[in-house]
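# Coordinates in review
Listed here are the chains, written in short residue letters.
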Amino acid sequence: MRLGLIFLLLPGLAFAAVLERQTWAVDGVAREALVHVPDKIPDGGAPVVFVFHGRGGSMRQASRNMPFHAQWPEAIVVYPQGLATAGELTDPGGRETGWQTRAGAWDDRDLRFFDILLTDLRTRHAIDQRRIYATGHSNGGAFTYLLWAERGDVFAALAPSAAVLARGEGKLRQLRPKPLFHVASPADPLVKFAWQEGMLDYVLRLNGCGRLQPDAMGCTRYPSDSGCDVEVYLHDGGHRYPSATAPELIVKFFQAHPAR
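Keep in mind that what you see is a predicted model, and the values were worked out from it rather than measured. Residue numbering note: each chain is counted from 1, following its sequence as written. Reporting in this predicted model follows two pLDDT cut-offs: at least 70 for local features of residues, and 80 or more for side-chain atom pairs to be given and counted; totals over whole chains, interfaces and linings ignore these cut-offs and use all residues. Excluding hydrogens and water, the side-chain figures rest on all heavy atoms present in the structure.

## Some details on the side chain of histidine 53
A run of H or I in DSSP counts as a helix once it spans at least four residues, and a run of E counts as a strand once it spans at least two, with each numbered from the N terminus. Counting through the fold element by element, histidine 53 comes out in the loop between strand 4 (46–52) and helix 1 (59–65). Throughout, exposure labels follow a simple rule: accessible area from a 1.4 Å probe, protein chains only, divided by the maximum for the residue type, with under 20% read as buried, over 50% as exposed, and the rest as partly exposed. Given a relative accessible area of 0%, histidine 53 falls into the buried group. In terms of polar contacts, histidine 53 uses its side chain to reach the backbone amide nitrogen of glycine 82, at 2.9 Å. N or O atoms closer than or at 3.5 Å make up a polar contact, with two conditions inside protein: a donor-capable atom paired with an acceptor-capable one, and, for residues adjacent in sequence, both atoms drawn from side chains.

Set out below in structure tokens:
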């Protein structure tokens, strides 16, 4: 594994955040991520947040638009870099970076990348096993849902944005109740809100929450007696990621939901 340092000056912050550019070999392919490690690991281990960029994005762009390390400096935050991947809604030729959204696609290269990342973090750092989270936007959000289906036991909670779990393989039946924070826009022209409503209706039933309130803009909390609460943040920005608001809200949700 190779390391490098990147300094990012985040808008509105008076300091340069240090992220390590790290490289791993996954089946002979070099895979990269930017990693924030807190100066002092908290007692009991550091929380871990995986942040997945959308189609055509990058780890550096994700660290700027979804700056979870600024919102939660006590956590280890990982911004993985996707590879060129054919999309289902856009880019069928696979010219842009992205993530697998179905189990078995691309020989599960992204699921294996995640496994290696997590194993390496557990080897090199004291992490809080009850506080491991994933979030992502669009294609990265779809991968977040796939991680819930395929690696669900790892996570305390998840926070996809503008995304659904790919249909057609019975993966919904693999989901087990987990706290969920979902970001969506009724004006999304790409990942239709009706699709996301269907996803949320399923999760709300799965987690034992109330019915979806699709007209409730802003944050709506759906409590669960089992602790698997759902929070839905609706915004009017279409398919864009609401950088000014979503990271802070998601961090608060994560902090309130360790694994039981």
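## Side note on the environment of leucine 121
Position of leucine 121 among the secondary structure elements: in helix 3 (residues 109–124). Under the relative-accessibility criterion, leucine 121 is labelled buried at 4%. When the C-alpha positions of leucine 121 and isoleucine 76 are compared, they lie 8.9 Å apart, and in sequence the two are 45 residues distant. Whether two residues touch is decided by their heavy atoms; if any such pair falls within 4.5 Å, the residues are in contact. The residues touching leucine 121, leaving out its near neighbours within four places in the chain, are Val48, Phe50, Ile76, Val78 and Ile127.

## Description of the state of the cysteines
Disulfides are defined in this document as cysteine sulfur pairs within 2.5 Å. Tallied over the entire structure, the rule returns zero disulfides. Cysteine 209 forms no disulfide, and the closest cysteine sulfur to it belongs to cysteine 228, at a distance of 7.8 Å. Taking relative accessible area as the criterion, cysteine 209 reaches 16% and is therefore assigned buried. Looking at cysteine 219, it has no disulfide partner, and the nearest cysteine sulfur is the one in cysteine 209, 14 Å off.

## Description of the packing of helix 3 against helix 4 (residues 139–151)
With their axes 11 Å apart at the nearest point, helix 3 and helix 4 run at an angle of 70° to one another. In this view, helix 3 runs roughly perpendicular relative to helix 4, as classed from their interaxial angle. Along the contact surface, helix 3 presents Asp110, Leu111, Phe114 and Asp115, while helix 4 presents Phe143, Leu147, Glu150 and Arg151. Basically, the charged four are Asp, Glu, Lys and Arg, the nonpolar ten are Ala, Val, Leu, Ile, Met, Phe, Trp, Tyr, Cys and Pro, and anything else, Gly included, counts as polar. Grouping the amino acids of the contact of helix 3 with helix 4 by side-chain chemistry returns four nonpolar, no polar and four charged. Axis definition: a line fit to C-alpha positions, over the contact stretch in the case of helices; interaxial angles, taken between N-to-C directions, run 0 to 180 degrees. In this scheme, roughly parallel covers angles under 35 degrees and roughly antiparallel covers those over 145, while 65 to 115 is roughly perpendicular and the rest are oblique.

## Concerning the side chain of aspartate 188
You can see aspartate 188 is positioned in the loop between strand 10 (180–184) and helix 5 (193–206). Counted as positive: Lys and Arg. Counted as negative: Asp and Glu. His and the chain ends are not counted at all. What counts as a salt bridge is simple: a side-chain nitrogen of Lys or Arg found within 4 Å of a carboxyl oxygen of Asp or Glu. This buried residue, aspartate 188, is left without a salt bridge; lysine 192 holds the nearest opposite charge, at 6.9 Å. Among the polar contacts made by the side chain of aspartate 188, one reaches the side chain of histidine 239 at a distance of 2.9 Å. In contact with aspartate 188, other than residues within four places in its own chain, are Ala162, Phe193, Gln196, Gly238 and His239.

## Comments concerning the environment of valine 78
Examined against the element boundaries, valine 78 turns out to sit in strand 5 (residues 76–80). Classification of valine 78 as buried rests on a relative accessible area of 0%. Separated by 55 residues in sequence, valine 78 and tyrosine 133 have C-alpha atoms that sit 10 Å apart. Non-local contacts of valine 78, meaning those with residues more than four positions away in its chain, are made with Ala33, Leu34, Val35, Val49, Phe50, Val51, Leu117 and Leu121.

## Some points on the layout of surface pockets
Empty space among the atoms can be located by rolling a probe the size of a water molecule over them. For cavity detection a 1 Å grid was placed over the protein atoms alone, and a set of points counts as a cavity when a 1.4 Å probe fits there but cannot get out; an open set counts as a pocket when protein lies on both sides within 12 Å along at least five of seven lines, with lining residues being those that have an atom within 4 Å of a point. Grid points are joined across faces, edges and corners, and a volume is the space filled by probe spheres set on the points. By volume, the largest pocket is sized at about 490 Å³. Looking at the largest pocket, it is lined by 26 residues, and the ones nearest its centre are Glu88, Leu89, Thr101, Asn139 and Ala142. Split by residue class, the lining of the largest pocket holds 14 nonpolar, eight polar and four charged.

## Describing unusual backbone geometry
In this model, aspartate 107 sits at a positive phi of 55°, which is unusual for a non-glycine residue. Position of aspartate 107 relative to the elements: it lies in the loop between strand 7 (97–98) and helix 3. Among the residues examined, aspartate 107 registers a relative accessible area of 59% and is labelled exposed. Its identity is not glycine, yet serine 138 carries a phi of approximately 60°, on the positive side. Mapping serine 138 onto the fold places it in the loop between strand 8 (127–137) and helix 4.

## Looking at the confidence of the model for the protein
By definition, pLDDT measures how confident the predictor is in each residue, and it falls between 0 and 100. With 92% of its residues at a pLDDT of 70 or more, the protein has an overall mean of 91. Every residue in residues 6–16 is under pLDDT 50, and counting partners more than four places away or in other chains gives 26 contacts.

## Considerations on the environment of leucine 83
Residue position: leucine 83 is located in strand 6 (residues 83–84). Distance in space between the C-alpha atoms of leucine 83 and aspartate 236 is 30 Å, their sequence separation being 153 residues. Leave out the neighbours within four places in its chain, and leucine 83 touches Val29, Arg31, Glu96, Thr97, Gly98 and Arg109.

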